[in-house]
Amino acid sequence: MKNLLPNFLLCALFACSPAPDIGTPNTQTTPAETGGTGSFKLANREIREETLQMLGDADIEYWIGDDGAINYNLADGEAIDIIGNDVILTYIRRN
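None of the values given here were measured: they were computed from a predicted structure. (Residues numbered from 1 in each chain as written. Predicted model: local features only at pLDDT ≥ 70, side-chain atom pairs only at ≥ 80, totals over all residues. Heavy atoms only, no water.)

1. Concerning the pattern of salt bridges
Point 1. Scanning the entire structure with this criterion turns up four salt bridges.
Point 2. With a shortest N-O distance of 3.0 Å, Arg 94 and Glu 50 are connected by a salt bridge. Here the residue Arg 94 occupies a position in helix H3 (residues 77-94), and Glu 50 occupies one in helix H2 (residues 45-57), the gap between them amounting to 44 residues.
Point 3. Here the residues in one salt-bridge network are Glu 46, Glu 50 and Arg 94, joined through shared partners. (Salt bridge = Lys/Arg side-chain N within 4 Å of Asp/Glu carboxyl O. Helix = DSSP H or I, 4+ residues; strand = E, 2+ residues; numbered from the N terminus.)

Structural data, given as structure tokens:
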């Protein structure tokens, strides 16, 4: 009985506390950054070769940097993400 009263009071305290103020939703959207370039490195030879093949097939402009990174225009970032996911999932399924 001694534990029941404090537990009841704690539950009542939390149940009666006001909802947190999360503010008004922001409905403005900012356009995705499309200027500039990005780069990534792939250490696995098989994944790298297949990614380069698929980038060429999709007519996405890319170039290999001095450090071996694959450089691309940020405007193509979403398409490159899709290609990268497809290549990696295919590699996982095969192995």
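So, next bit.
2. Describing the side chain of Asn 71
Point 1. Summarising the element assignment, Asn 71 is placed in strand S3 (residues 70-73).
Point 2. Asn 71 has contacts with Gly 38, Ser 39, Glu 61, Tyr 62, Trp 63, Ile 64 and Gly 65, leaving out every residue within four places of it along the chain. (Contact = heavy atoms within 4.5 Å.)

Geometric descriptors of this kind do not, in isolation, establish any biological role.
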